[in-house]
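Chain residues, written in single-letter form:
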Amino acid sequence: MSSAVQNFRPVVISGPSGTGKSTLLKRLFAEYPDKFGFSVSHTTRSPRLGEINGKDYNFVTRESFQSLITSNGFIEHAQFGSNLYGTSVAAIKSVAEQGRICILDIEMEGVKQVKRREDLNARFVFLAPPSMEELERRLRGRNTETEESLQQRLAQARNELAFSQTPGAHDKIVVNDDLDRAYGELKEFIVDGGRFGAAQ
Ligand SMILES: Nc1ncnc2c1ncn2[C@@H]1O[C@H](COP(=O)(O)OP(=O)(O)OP(=O)(O)O)[C@@H](O)[C@H]1O
């Protein structure tokens, strides 16, 4: 295992859409501005004006994207329109090499992929809604979804919740009932007395 991810273990946060992942992560990043980072995704699309290679995206050709797929270099990849997008193992490790904890805010299939990559040494936290009713209330309250996308998110939420019940799926489950309480519990798990999950 590369020593960087031994000391700077990536944290995978997952949970149904609308549970409050972005809300809680924003707060964590504000409290610890230099501790965390996101991995830079790969894409085959062309850079837009002002986008920087290696910062906004790793802009690559279709050929090199394909060869990275073949060599098992991606945690997840998908096609949107005519372009390919993906999260590479190297991009996650690179965050650790910069001395930061890589935060992966991903859905269930991505979680399963990261679990298969033991060399990433990741920790897994699941953010659960207090109930399906409250999740629906939050999604409606956010005013970002059509009825159709809302129903899709709720159906997917049931899958994610079922997976979260599988023994060993996550190292920690935080229920986002009261925001301050949930933040405290999430922070305690992630910061871990300043060790961020690393063995002393
Ligand atoms: N503990 C809480 N109590 C009440 N409302 C909350 C709580 N946490 C978050 N919310 C609200 O719920 C809504 C969904 O939160 P947020 O957008 O952070 O979810 P998310 O998990 O990041 O969703 P997505 O995966 O779709 O990005 C927001 O309007 C947010 O303000």
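Our subject in this report is the structure included herewith. Note that the coordinates shown come from a computational prediction; the quantities given were computed from them, not determined experimentally.

**Some words on the site of the ligand**
At step 1: In the region of the ligand, 14 residues are neighbours, and S17, G18, S22, T23 and N176 sit closest.
At step 2: At a separation of 2.8 Å, a nitrogen atom of the ligand approaches a polar side-chain atom of N176.
At step 3: For the ligand, the protein covers 72% of the area, taking 640 Å² as the surface of the free molecule.
At step 4: Among the elements of the structure, α2 (21-31) and α6 (132-142) are those that each provide at least two residues to the shell around the ligand.
At step 5: Looking at the shell around the ligand, its residues break down into two nonpolar, seven polar and five charged.

**Brief notes about the sheet that holds strand β8 (residues 123-128)**
At step 1: Reading across the sheet, the five strands line up as β2-β7-β1-β8-β9 and stay open at both edges, with parallel pairing between neighbours. Each edge of the open sheet carries a strand with a single partner, namely β2 (36-37) and β9 (172-175).
At step 2: Bridge count for β8 against β9 is four bridges, and the pairing is parallel. Looking at the pairing, V125 lines up with K172 of β9.

**A word on α6**
At step 1: Those residues of α6 that fall on the buried side of the exposure criterion are M132, E134, L135 and L139. For α6, the buried positions fall inside an angular range of 160 degrees around the axis, keeping them on one side. Turned more than 90 degrees from where α6 packs its buried face, E133, R137 and G141 sit exposed.
At step 2: Looking at the buried residues of α6, the elements they touch are α7 (147-164).
At step 3: Looking at the residues trailing α6, positive phi occurs at N143, about 60 degrees.

**Some points on the pairing of strand β6 (residues 83-88)**
At step 1: Of all six residues in β6, five are buried, a share of seventy percent or more.
At step 2: Sheet analysis places strand β3 (residues 42-43) next to β6, joined by two bridges and oriented antiparallel. Directly across from H42, in β6, lies its bridge partner G86.
At step 3: Inspection of the sheet shows strand β5 (residues 74-80) paired to β6 by six bridges, in the antiparallel sense. Within β6, the residue paired with Q79 across the bridge is L84.
At step 4: Hairpin geometry of β5 and β6 is characterised by an intervening segment of two residues between the two adjacent antiparallel strands and by a positive phi of about 60 degrees at G81.

Calculation rules
Residues numbered from 1 in each chain as written. Predicted model: local features only at pLDDT ≥ 70, side-chain atom pairs only at ≥ 80, totals over all residues. Heavy atoms only, no water. Near = heavy atom within 4 Å. Polar contact = N/O pair within 3.5 Å; in protein donor to acceptor, adjacent residues only side chain to side chain. Areas by Shrake-Rupley, 256 points an atom, 1.4 Å probe, with all protein chains shown as cover. Helix = DSSP H or I, 4+ residues; strand = E, 2+ residues; numbered from the N terminus. Nonpolar A, V, L, I, M, F, W, Y, C, P; charged D, E, K, R; others polar. Pairing = 2+ DSSP bridges. Buried < 20%, exposed > 50% of the residue type's maximum accessible area, 1.4 Å probe, protein only. Arc of directions from axis to C-beta. Contact = heavy atoms within 4.5 Å.

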